[in-house]
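These are the residues of each chain, in order.
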Amino acid sequence: MKISRIDHLGIAVESIDEVLPYFENVLGLKCYAVEEVADQKVKTAFLKVGEVKLELLEPTSPESAIAKFMEKGGKGVHHVAFAIEDGVENALAECDAKGIRLIDKAPRAGAEQMNIAFLHPKSTASILTELCEPMNK
Ligand code: ZN
């Protein structure tokens, strides 16, 4: 697979409203999009740091993976997302062939018009890893 860059870091937060002043007023970053991803039961807020984005993830239901992550004591950085140049589907097939545990067997729709898929932290140096690409390239 061909990774061009880190697309974003996913950060688990209890409340976007509560943490946004830190990112905007202290770090001087700007939130340019807030989007609810019903499928994943999260509200997301995006900030740009040069080419890389921060994706703040607030659970909208106790059933959301983010809520469960925080329930287990998880805080802060939740996942690293790599931009895949030659297709998430290809990358998944390659990972599968190399024995990597996949959370998603096929790409699905994420925030910001992206196709996304997750690799299991058990196979990825304990880092929840997202592969992503724009839906319309
Ligand atoms: Zn993400």
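Residues numbered from 1 in each chain as written. Predicted model: local features only at pLDDT ≥ 70, side-chain atom pairs only at ≥ 80, totals over all residues. Heavy atoms only, no water.

Peer 1: Go over the packing of aromatic side chains with me, naming the residues and quoting the values.
Peer 2: Per the stated rule, a full pass over the model turns up two aromatic pairs. Ring centres 5.0 Å apart and planes at 65° place the aromatic pair Tyr-22 and Phe-23 in the edge-to-face group. A residue is classified by how much of its surface remains accessible, and Phe-23, at 10% relative accessible area, is buried. Look at Tyr-32 and Phe-46: their rings are 6.3 Å apart centre to centre, the planes differ by 40°, and that puts the pair in the tilted class. Separated by 14 residues along the polypeptide, Tyr-32 in strand 2 (residues 31-37) and Phe-46 in strand 3 (residues 42-49) bring together distant segments of the chain. Residue class for Tyr-32 comes out partly exposed when judged on its relative accessible area of 36%. Overall, the relative accessible area of 2% leaves Phe-46 in the buried class. (Phe/Tyr/Trp six-rings, centres within 6.5 Å; stacked < 30°, edge-to-face > 60°. Buried < 20%, exposed > 50% of the residue type's maximum accessible area, 1.4 Å probe, protein only. Helix = DSSP H or I, 4+ residues; strand = E, 2+ residues; numbered from the N terminus.)

Peer 1: Lay out the sheet that holds strand 4 (residues 52-59) with the relevant residues and their values.
Peer 2: In spatial order, the strands read 2-3-4-1-5-8-7-6; together these eight strands make up an open sheet with mixed pairing. Pairing within the sheet leaves two strands with one partner each, and these edge strands are strand 2 and strand 6 (108-110). Averaged over neighbouring strand pairs, the angle between their axes works out to 35° when direction is ignored. Note: strand 3 against strand 4, eight bridges, orientation antiparallel. Looking at strand 4, one finds that Phe-46 is bridged to Glu-55. The sheet contacts of helix 1 (residues 16-26) involve strand 2, strand 3 and strand 4, and relative to strand 4 the element is tilted by about 160°. Sheet strands in contact with helix 3 (residues 88-97) are strand 5 (76-84), strand 7 (114-119) and strand 8 (129-134), and its direction is about 15° off that of strand 7. (Pairing = 2+ DSSP bridges. Axes fitted to C-alpha atoms, helices over the stretch in contact; angles between N-to-C directions. Contact = heavy atoms within 4.5 Å.)

Peer 1: Mind laying out the side chain of Thr-129, listing which residues take part and the relevant values?
Peer 2: Counting through the fold element by element, Thr-129 comes out in strand 8. Looking at Thr-129, the relative accessible area reads 7%, which means it is buried. A polar side-chain atom of Thr-129 sits 2.9 Å from the main-chain carbonyl oxygen of Ile-127. The residues contacting Thr-129, other than those within four sequence positions of it, are Val-80, Phe-82, Ala-117, Phe-118, Leu-119 and Thr-124. (Polar contact = N/O pair within 3.5 Å; in protein donor to acceptor, adjacent residues only side chain to side chain.)

Peer 1: Any chance you could break down the pattern of salt bridges for me, citing the residues and the numbers?
Peer 2: A complete count under the given rule lists seven salt bridges for this structure. One salt bridge connects Arg-5 with Glu-51, and the closest N-O pair in it is separated by 3.9 Å. Separated by 46 residues along the polypeptide, Arg-5 in strand 1 (residues 3-12) and Glu-51 in the loop between strand 3 and strand 4 bring together distant segments of the chain. Taking the shortest distance from any N to any O, the salt bridge between Lys-53 and Glu-112 comes out at 2.9 Å. Pair noted here: Lys-53 is in strand 4 and Glu-112 is in the loop between strand 6 and strand 7, with a separation of 59 residues, a long-range link. Assessed through its relative accessible area of 10%, Lys-53 is described here as buried. Several salt bridges converge on common partners, so that one network encompasses Arg-5, Asp-7, Glu-51, Lys-53 and Glu-112. (Salt bridge = Lys/Arg side-chain N within 4 Å of Asp/Glu carboxyl O.)

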